[in-house]
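The lines below spell out each chain.
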Amino acid sequence: MWLAGLHWPDEPAGLAGHSDGDAAAHAICTALLTAAKLGDLGSNFGTAEPEWAGAAGVALVAESARRVRAAGFEIGNVAVQIVGNRPRIGTRRDEAEKVLSAACGAEVSVSAATTDGLGFAGRAEGIVAIATALIY
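Keep in mind it's a predicted model, so treat the numbers as computed, not measured. (Residues numbered from 1 in each chain as written. Predicted model: local features only at pLDDT ≥ 70, side-chain atom pairs only at ≥ 80, totals over all residues. Heavy atoms only, no water.)

1. Details of the overall build of the protein
Helix and strand counts for the protein come out as five helices and five strands. Going through the 136 residues of the protein one by one, you find that 43% of them count as buried. Considering only intrachain contacts with a sequence separation of at least 6, the fraction spanning at least 24 residues in the protein is 71%. When the accessible surface of the protein is totalled, it reaches about 6800 Å², and 54% of it is carbon and sulfur. (Helix = DSSP H or I, 4+ residues; strand = E, 2+ residues; numbered from the N terminus. Buried < 20%, exposed > 50% of the residue type's maximum accessible area, 1.4 Å probe, protein only. Contact = heavy atoms within 4.5 Å. Areas by Shrake-Rupley, 256 points an atom, 1.4 Å probe, with all protein chains shown as cover.)

2. Quick look at the side chain of glutamate 63
Considering the arrangement of structural elements, one finds glutamate 63 in helix 3 (residues 57-70). If near-sequence neighbours (up to four positions away) are discounted, glutamate 63 is found in contact with Phe45 and Trp52.

3. Topic: the sheet that holds strand 4 (residues 107-113)
Read across the open sheet, the three strands follow the order 4-3-5; overall the sheet is mixed. Edge positions in the sheet fall to strand 4 and strand 5 (128-135), since each of these pairs with one other strand and no more. Averaged over all pairs of adjacent strands, the angle between strand axes in this sheet comes to 15°, irrespective of strand direction. Strands in contact with helix 4 (residues 93-104) are strand 3 (75-83) and strand 4; relative to strand 4, the strand with the most contacts, it is inclined by about 140°. (Pairing = 2+ DSSP bridges. Axes fitted to C-alpha atoms, helices over the stretch in contact; angles between N-to-C directions.)

4. Details of the nonpolar core
Judged by nonpolar contacts, the single largest core of 40 residues is most densely connected at Leu3, Ile28, Leu32, Ile75, Val78 and Val80. Ranked by residues supplied to this core, first place goes to helix 1 (residues 23-35) with nine residues. Beyond its immediate chain neighbours, meaning those up to four positions away, isoleucine 28 contacts Val61, Val78, Val80, Leu100, Val108 and Ala131. (Core = buried A, V, L, I, M, F, W, Y, C linked by side-chain atoms within 4.5 Å.)

5. Re helix 3
Across its 14 residues, helix 3 extends 20 Å between first and last C-alpha, which sits within 8% of the 20 Å expected from 1.5 Å per residue. Of all the positions in helix 3, only Gly57, Leu60, Val61, Glu63, Ser64, Ala65 and Val68 are classed as buried. If you follow the buried residues of helix 3, they end up packed against helix 1, helix 2 (41-45), strand 3, helix 4 and strand 5. Phi turns positive, to about 100°, at glycine 72, one or two residues after helix 3. (Expected span 1.5 Å × (residues − 1).)

6. Remarks on the packing of aromatic side chains
Evaluated as defined, the whole model comprises zero aromatic pairs. We note arginine 92 situated over the ring of tryptophan 8; from NZ or CZ to the ring centre the distance is 4.6 Å. (Phe/Tyr/Trp six-rings, centres within 6.5 Å; stacked < 30°, edge-to-face > 60°. Lys NZ or Arg CZ within 6 Å of the ring centre and 35° of its normal.)

Okay, structure coming up:
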């Protein structure tokens, strides 16, 4: 499993996706791109773009940040929240923030929560990631 730019080798299964399935990186990309009115993850790196098949989430973050800057914006910061039971993000939060910040070229903060057993995330059937980007 790849999540928040990190490999989690002890997790039994990764997340499905056209790229590496990193839900946190994907949320960051969509936050950056939509804030700049450049579309979303799918319209920029979707299945119609075979060169992005299997790409690392941090590569997508770096390319999204490049596109935002090329459109005339600067990135202030990004916050991403990961919702799910596993993996336990807190144990590697600092590492994730460093990797994602380096890819973005701006500060990225990472938070995590569970749903106390509610919904697909609470049943450990998937992970949700939601991000907000400040651009100017």
